[in-house]
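# Summary of the model geometry
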Amino acid sequence: MKNVLTEAKLLLIGIPVAIWTLLPIYNLFLFSISTKEDAFAGKLWPDHPTLRNFEIVFREQHHFLGKFWRQLGNSILIAVAVGVITLLVATTAAFAISRLKARGGRLVLNCALFTYFIPAAFLAVPMYKAMSAYGLLNNQWALILAMITIASPYAIWVLKQASDKLPWELDEAARIDGASPLQLFRLVYLPLMGPSLVAVGIYALLLAWNEYLYAFLLLSKEDDLTLAVALGQFLSADDSPWELLMTTGLLYALPPAAIYYVFKRYMQAGLTAGAVKQ
Amino acid sequence: MSTIALPQVEAVRTAGPRKKRMSSWQLWGALFLAPYVVVFVVFVVYPVGYGLWLARHPDSYVQLANDPVFFGSVVNTLVFLVVAINLKMVAALLLSGFFVTARPWIKWLSVLFILPWAVPSIPTILSIRFMLNPEWGVVNQLIFKLTAEDGPNWLNDRWLALSMAMLVHVWKSLPFWTMIMIAGRLSIPKELYEAASVDGASGVQQFKFITWPSMRTLYLTSTILSMIWTLGDFNSVYLLTGGGPADLTHILATLGIRYLRLDQVDLAMATIVCAMPLVLPLVYFMMKRLSR
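Residues numbered from 1 in each chain as written. Chains lettered and ligands numbered in written order. Predicted model: local features only at pLDDT ≥ 70, side-chain atom pairs only at ≥ 80, totals over all residues.

### Describing the overall build of chain A
- For chain A, the helix and strand inventory stands at 14 helices and 0 strands.
- Each principal axis of the C-alpha atoms in chain A carries an extent, and together these give about 75 × 70 × 30 Å.
- Looking at chain A as a whole, 48% of its 278 residues are labelled buried.
- Across chain A, the fraction of contacts at a sequence separation of at least 24, relative to all contacts at a separation of at least 6, is 78%. (Helix = DSSP H or I, 4+ residues; strand = E, 2+ residues; numbered from the N terminus. Buried ≥ 20, exposed ≤ 12 C-beta atoms within 10 Å, placed from the backbone. Contact = placed C-beta atoms within 7 Å.)

Set out below in structure tokens:
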């Protein structure tokens, strides 16, 4: 009897949590398989489920979606570029700070941490002005560079934490064998840091894929936009085709969710450990 | 680990013949550090310096103080911080207790529970925006079916709209903080709970005397970190209400961007400078904590 009561109590928490979590996402999915009439009728399941919305999006048959494939490509390109370059910048910095004990390393780490803690929305205005001073506005590099700036501090922090855990004897042995710093980096450091590198690369990639504010400030040519900005543009119209907006939104939300679940093991260990050090 | 290793390095460094080689290691250190230093100088130091220079006119602050939208935004920001964060952190703390319960279905639920955090903001916030649409949104249609009365116009009233923005914020970030709290709970030794239940301690007593004392530091750190991030939460407000109705639901983060869009860069920077007395002490606290 007591067991039944416990289970009932757990369900009483679990069911509302499930509804709370899934409702907005289910609504997104529902719209994508509904005709406009069904979607606006507030039904829990459409009378005539259809894949027509996806067809319209894939064939770019609505003026809001004229550049769907192009913008999808932009999102991918920018996310991959940010992931790769952040990884490069952060790995070398963490190596210098943690393994080479480079002079000024501590200071650089503190600068990085400081940048990490300044909310990105507050950095956006000065960043916008700087990009315009550099003549990079309306150039995708502006977004890539801005996202690298935002992603690398945390990447450096996580990699530095992971790197500190590698046994120091490895470096000693490599040095005694006459290894150069470059060989130490390539042959000892990189192979051992594998899982953290995956976590950090994915982190930067997802950050760039999901970014709205910077993309919307720094890009304006229709051909350069990412999907996030294109979705935001739907909002400016009064008669937005909501079912198409939601379909595109669903397509845009799927890759990061899939990537997250595939790399969940790396992500949770690497990211939660770094986020709040006890 | 590194603190133990450090003296060894010093020992090698002071050994005479190696000295020249160590300086080449230092050179490599500088080289490896260089890419990030360049990024930091070009995209953080210069923009921030330039921004502060733009914000130097006292006139900007007078203008801000005279703008009713600014005062409203400060109030909104503070309300957002106090209400949304406490709601979220308490919920995360309690839910973590639910999620560490060993049941197969809870394991599955925890996988789904991460979704709001794992997917991008835009599609889900727009989905919620439509759910709150007074005529066609599922929320008001449900209210109508149940009570035969029209639901409120959710996004057309300052406090209602701001509450909805806070709910969006909680919806989006609750999974992350719950995950952190779960990690915290899992690090508490199981024996403590076993001993407590042998002694006949109730669930509440176990929470009060075992869970809370072990989690207090983590909870405080998480709250501070969450405050910093919430101050910069542009999406929850901008994508849900756009700052409306009549610019009544802006927070400082969206207000800065609003001025920028209106080509009033001085005011945008001044707004951000005004947020600094809130941000910097929190940043200082976090940096102290992390660089220990």
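### Considerations on the domain arrangement of chain B
- Per the domain assignment, the segments of chain B are domain 1 (1–54) and domain 2 (68–290).
- Between the C-alpha centres of domain 1 of chain B and domain 2 of chain B the distance comes to 38 Å. (Domains from an automatic or database assignment.)

### Some thoughts on unusual backbone geometry
- For N138 of chain A, which is not glycine, the phi dihedral falls at a positive 65°.
- By the secondary structure assignment, N138 of chain A is in the loop between α6 (120–133) and α7 (140–164).

### Considerations on the nonpolar core
Residues and elements named next belong to chain A.
- One finds V82, A124 and M147 to be the most contacted residues of the largest nonpolar core, which totals 166 residues.
- The leading source of residues in this core is α7, at 16 residues.
- Beyond its immediate chain neighbours, meaning those up to four positions away, V82 contacts I144, M147, I148, A151, A204, L205 and A208. (Core = buried A, V, L, I, M, F, W, Y, C linked by C-beta atoms within 7 Å.)

### Observations concerning the domain arrangement of chain A
Residue and element names in this part refer to chain A.
- Taken domain by domain, chain A comprises domain 1 (2–50) and domain 2 (67–275).
- Using only C-alpha atoms to locate each centre, domain 1 and domain 2 end up separated by 33 Å.
- Of all the secondary structure elements, the ones that give two or more residues to the side of domain 1 that touches domain 2 are α1 (2–32) and α2 (36–40).
- Sort the elements by how many residues they give to the side of domain 1 that touches domain 2 and α1 lands first, with 4 residues.
- Of the residues assigned to the side of domain 1 that touches domain 2, the class counts are 4 nonpolar, 2 polar and 1 charged. (Nonpolar A, V, L, I, M, F, W, Y, C, P; charged D, E, K, R; others polar.)

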